[in-house]
Amino acid sequence: MNSLLIVVALSALSVPAVAAAAGGGLNLTPDLTLLAANVLVLGLLTYPMHRLLLKPLVRILAEREQRTTGTMARAEAV
């Protein structure tokens, strides 16, 4: 199974090189409008993601940690 994954991965890595050779070269110049749009979308989605997902997750994990350490402290005291 692992050898099959290695063969597939190596095949996938060789595809861009073959395409570049067939097309006359590999062009890595970014489209600046698309880049700017992607950066803008990333910036706009960062705040809601932090507010709606990360902040509650950190709060829940902190409460869980507090309950765990509190229970362990009571167990050691007994």
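So, how was this worked out
- Residues numbered from 1 in each chain as written.
- Predicted model: local features only at pLDDT ≥ 70, side-chain atom pairs only at ≥ 80, totals over all residues.
- Heavy atoms only, no water.
- Helix = DSSP H or I, 4+ residues; strand = E, 2+ residues; numbered from the N terminus.
- Buried < 20%, exposed > 50% of the residue type's maximum accessible area, 1.4 Å probe, protein only.
- Salt bridge = Lys/Arg side-chain N within 4 Å of Asp/Glu carboxyl O.
- Expected span 1.5 Å × (residues − 1).
- Bend = angle between axes of the 7 residues up to and from the residue.
- Patch = residues over 30% accessible without salt bridge, like charges linked within 9 Å, V, L, I, M, F, W, Y side chains within 5 Å.
- Areas by Shrake-Rupley, 256 points an atom, 1.4 Å probe, with all protein chains shown as cover.

Undergrad: So what's going on with the overall build of the protein chain? Which residues, and what values?
TA: Helix and strand counts for the protein chain stand at 2 helices and 0 strands. Looking at the 78 residues of the protein chain, the share that counts as buried comes to 1%.

Undergrad: Please set out the pattern of salt bridges residue by residue, giving values where relevant.
TA: Per the counting criterion, the structure on display carries 1 salt bridge. Note that R59 and E63 form a salt bridge whose closest N and O atoms lie 3.3 Å from each other. Of this pair, R59 and E63 both sit in helix α2 (residues 32-77), separated by 4 residues, roughly a single helical turn. Owing to a relative accessible area of 39%, E63 belongs among the partly exposed residues under this scheme.

Undergrad: With reference to specific residues and values, describe α2.
TA: Over its 46 residues, α2 runs 63 Å from end to end, which matches the ideal 68 Å to within 8%, given 1.5 Å per residue. Along α2, the sharpest change in direction is near 45° and occurs at H50.

Undergrad: Account for a nonpolar patch on the surface, with residues named and values stated.
TA: The grouping of M49, L52, L53, L54, L57 and L61 at the surface amounts to a nonpolar patch, some 580 Å² of accessible area in total. Turning to its location among the elements, L53 is positioned in helix α2.

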